[in-house]
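Structural characterization, general
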Amino acid sequence: MIRKLAAIWCGKCILLLTKILQQGGGTAAPGLYALKIDSQLIESFTRQCKKGSIIITGTNGKTTTSRLISHYFSQSNISFIHNRAGSNLERGIASACISSSDWLGKISADYGLWELDEAAFSKLVEKIKPTKIVLLNLFRDQLDRYGEVDTTKIKWVTALSHLSLPTTIIFNADDPQLVHLAELVSNNNPKHIFVPFSINSGNENSSENDVLSPVETVLCPQCKHKLSMNQIIAGLGAFRCQNCSLKRPSTNSGISNYSVNESGTTGEIVSSSLKKTFSLPLPGAFNLYNFLAAYTYLENSKQNVDLFLSIVKEYKPAFARMEHIVLNKTEFILTLIKNPTGFTESLKTIFYKNSNYSEAIFILNDNYADGKDVSWIWDVAIAKYIPHHIRIIVSGTRCYDMAIRMKYSGFNESEIVVCENLHEIFNNVTTQKIPIFATYTASLELQNYFEKTGVKNKYWNE
Amino acid sequence: MNNKLTIGYLYPEYMNIYGDTGNIVTLQYRAIKRGLTVEIKQITAGTNLQPGEIDIYFFGGGQDQQQVFVSEDIARLSRTINKDIANGSVALTICGGYQLFGEFYRPFDQKDLNGITVFPVQTHAGDVRMIDNCVITMHDDLYSEINEIYTKTPQIPKTLVGFENHSGQTSFIETAFSTARPLGFPLYGYGNNPTKETEGCWRNNAFGTYLHGSLLPKNPHFADYLLYKALEYRTQKAALLEPLDDELEYKAHSAIVKKYTNLIK
């Protein structure tokens, strides 16, 4: 108990200090040091959530999905704690708890809402003992940090199979990796309840097999033969193995008849044979999965999904998820890029059907949080999605890597502007509406830049 | 020149997760700039292959599980590929592809994955994950050969840069094939194994390396060397290459050299 209090007080002091000194958002440091004093902190906090914890994990979409759920919780006056500032490791959860607890370590919340990165998930899931887990997708991510997809999957299977309490696992049934995972886990641990969700049909059923842009390979995770698939987004969709028994399971909740436009998506959500229309103000087909994941969770938890469908219309994107920022009459649309699938999907969305952009900015950093290995940019179908009249501005610690990537996609060298320093970008823009694609630490730098010019609040205060 | 080069992309749907595709993009781009046409032939499970069809083999890195499948299938192509390499066909193999062009890959707890023994190397699973940027000095012989391929030789760095991410430890089999040499020697990073003594392997015109990045975009001199050799193999005569404007490429190259060799001084 003394240890726990010492840890909490230490964390709270750091939190106060960061606020006074305005150094960072206090989303990692308080938890980091508190955990050094008491490594059991997470357990003692999360078990205080009266109605239990929910964990959101996956390669892409964690932040958007958990924010959709937290948006609903807030609007419904449900009390909850959420590691919402994007620190999705153990220290982020500890920080969120320390910040909402009193000085005796008591928290009063109904739910804990935790977004966890792929590696943190397998380490923490038993400590948190969630009642529900949402698995979004499992793509290739930063290989230097997470290793290969198969490695991550094996860790998930082990962690989920050994969970001591029966848990509801809500998963994306369009992801062959997750369907395979669900089969393995349910064989090992039949106590769990599996709730699949999937997208049934839309207007984007294109198959993308381009030898020079193998964005995500679709091989059967069970037997390694080729899957036949009606793809919705890279590597996800209605699939069936030609060789073994693996196929997309039938699902209770799904989306059909959707259509994507520049500002968002509309469609029908079908669940328990009821059909409801929705309008999601988030562009990009991949956001349908985040939306559907949140919806499936809420429905499974007997929440008011009609309320959710009505408030989702006013949802605002999270930090650097196609966020609009206006600076000196120029509108920037900031998108975070971190892996081939996410980058490709963002390109598709931004340059959807001959958009009016005539220039675009790409910022590639190679700090630890971005992934030190930048080779993944070569697995993105640049030439396929960026129209060739676009003037390209590149920056970041790996600006020349990005410049060559563009050059080898057919952009004329003389049309590629390289800005070694970030602030040079803003002297080089010539149009009024420009998309920016930036890796994580580059997004933070941009955020600082925008803050200094007074156009945007600190993201951790949003 | 109105020549056609055929690139054989080995198992593209299995061995493609480390961004190695950039190498194909680069070879294709630089060949087209020289007035060549390029055909990319995917060689995968079930593909028939005759000796002499392929001018440049390319084989990238894949996930461990997929490598098991590939090692079983590639055995049937071993004769053809080895024959082609003996005749001077070019090969660039990276990471997992490099390992399968060696004698075997020995995992901790499963049976060996047999390679096709183009290179006299063997790889053992290890518990050190070698993940970082990597800068190597090329083998002297390679560097002097590269200096002979251009009509007008530009300033060519002696380094190659890339990013390695492997736990397999590769070593030369001492007695076999005296014709095999290392691709280079690490200035920064690990290379073949944790001793940091050598990186990659070079035999005839076949190369194995741990460098992702992708490798060729940031190492245009090496890319041109592969093209030069492929063209020589295809046409049976040497033809010097016009240098291209590689300002961006060499800036990307030297940024890495500067950053990481400064670290070790």
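As the structure is a prediction and not an experimental result, all values here were calculated from the model.

**Considering the overall build of chain A**
Along the backbone of chain A there are 16 helices and 17 strands. The globule rule puts the C-alpha radius of gyration for 462 residues at 23 Å, and the 22 Å found for chain A is close to it. When the 462 residues of chain A are sorted by exposure, 61% land in the buried category. Relative to all contacts within chain A whose residues are 6 or more apart in sequence, the contacts with residues 24 or more apart total 72%. Here chain A has roughly 17,700 Å² of accessible surface; of this, 50% comes from carbon and sulfur atoms.

**Description of the interface of chain A and chain B**
Each side of the interface is counted separately: chain A has 30 residues, and chain B has 42 residues. One salt bridge connects Lys259 of chain B with Asp366 of chain A, and the closest N-O pair in it is separated by 3.8 Å. Between the two partners, chain A and chain B, sit 15 residue pairs in polar contact (both at pLDDT 80 or more). Residue assignment for the side of chain A that touches chain B shows that the elements contributing at least two residues are α7 (143-146), α8 (149-161) and α14 (399-407) of chain A. For the side of chain A that touches chain B, the leading source of residues is α14 of chain A, giving five residues. Grouping the amino acids of the side of chain A that touches chain B by side-chain chemistry returns 13 nonpolar, three polar and 14 charged.

**Concerning the environment of Gly264 of chain A**
Residue and element names in this part refer to chain A. Summarising the element assignment, Gly264 is placed in the loop between β9 (253-260) and β10 (265-271). For the pair formed by Gly264 and Leu280, sequence separation is 16 residues and the distance between their alpha carbons is 5.6 Å. Leaving out residues up to four positions away in the same chain, Gly264 has contacts with Ser259, Leu280, Pro281, Leu282 and Pro283.

**Quick word on the sheet that holds strand β12 (residues 321-327) of chain A**
All names here are of chain A. Ordered by their spatial adjacency, six strands build an open sheet running β12-β13-β17-β14-β15-β16, and the pairing between neighbours is mixed. Looking at the sheet topology across the chains shown, the edges are occupied by β12 and β16 (416-419). On average, each strand axis in the sheet is tilted by 20° relative to the strand beside it, whichever way the strands run. Where strand β14 (residues 359-363) lies against strand β17 (residues 433-438), three bridges are found, and the strand directions are parallel. Considered in β17, the bridge of Ile361 is made with Ile436. Lying on the sheet, helix α12 (residues 340-350) is in contact with β12, β13 (330-336), β14 and β17; it crosses β17 at an angle near 175°.

**Focus: the packing of helix α1 (residues 2-21) of chain A against helix α2 (residues 29-37) of chain A**
Angle between the axes and distance between the axes are the two parameters that describe a pair of packed helices. All names here are of chain A. Here α1 crosses α2 at 160°, and the two axes come no closer than 8 Å. By the angle class used here, α1 and α2 are roughly antiparallel. Both α1 and α2 take part in a crossing whose hand is right-handed. Of the residues in α2, those touching α1 at Arg3, Ala6, Ala7, Cys10, Gly11, Ile14 and Leu15 are Ala29, Pro30, Tyr33, Ala34 and Ile37. The class makeup of the residues in the contact of α1 with α2 is 10 nonpolar, one polar and one charged.

**Digging into the packing of aromatic side chains**
Applying the stated criterion across every chain yields a total of 35 aromatic pairs over all chains. A ring pair is formed by Tyr98 of chain B and Phe119 of chain B, whose centres lie 5.8 Å apart and whose planes are at 75°; its orientation type is edge-to-face. One end of the pair, Tyr98 of chain B, is in helix α4 (residues 96-100); the other, Phe119 of chain B, is in the loop between β6 (113-114) and β7 (121-138), and 21 residues separate them in sequence. Residue Phe119 of chain B is classed as buried on the basis of its relative accessible area, which comes to 0%. Pairwise contacts between aromatic rings join Tyr72, Phe73, Phe80, Tyr111, Phe278, Phe291, Tyr295 and Phe308 of chain A into one cluster.

The rules behind these values
Each chain has its residues counted from 1, following the order in which its sequence is written. The naming scheme follows written order: chains are lettered A onward, ligands numbered 1 onward. In keeping with the predicted nature of the model, local features appear solely for residues at pLDDT of at least 70, side-chain atom pairs appear and are counted solely at 80 or more, and the whole-chain, interface and lining totals rest on all residues. Side-chain measures were taken over the full set of non-hydrogen atoms in the model, leaving aside hydrogen atoms and water. Working definition: helices are DSSP H or I runs of at least four residues, strands are E runs of at least two. Numbering for both runs from the N terminus. Computation of the radius of gyration draws on C-alpha atoms alone. For the globule rule, the value is 2.2 Å times the number of residues to the power 0.38. Using a 1.4 Å probe on the protein chains alone, a residue whose accessible area is under 20% of its type maximum counts as buried, one over 50% counts as exposed, and one in between counts as partly exposed. Only heavy atoms enter the contact rule, under which two residues are in contact if any of them lie within 4.5 Å. Shrake-Rupley sampling with a 1.4 Å probe provides the accessible areas, and residues are treated as covered by the protein chains on show and by no other component. For this analysis, a salt bridge means a side-chain nitrogen from Lys or Arg found within 4 Å of a carboxyl oxygen belonging to Asp or Glu. N or O atoms within 3.5 Å of each other form a polar contact, as long as, within protein, one can give a hydrogen and the other can take it, and as long as residues adjacent in sequence are counted only when both atoms are side-chain atoms. In this count, Pro and Cys sit with the nonpolar residues alongside Ala, Val, Leu, Ile, Met, Phe, Trp and Tyr, while Asp, Glu, Lys and Arg are called charged and the others, Gly among them, polar. One requirement defines pairing of two strands: DSSP has to find at least two bridges between them. The convention used is that axes are lines fitted to C-alpha atoms, helices contributing only their stretch in contact, and that angles between N-to-C directions extend from 0 to 180 degrees. Just so you know how the angles are binned, under 35 degrees is roughly parallel, over 145 roughly antiparallel, 65 to 115 roughly perpendicular, and the rest oblique. Crossing chirality is assigned from the near helix's rotation relative to the far helix, an anticlockwise turn below a right angle marking it left-handed and a clockwise turn marking it right-handed. Only the six-membered ring of Trp is used, alongside the rings of Phe and Tyr, when aromatic pairs are assigned; centres must lie within 6.5 Å, and planes under 30 degrees apart are stacked while those over 60 apart are edge-to-face, with the rest tilted.

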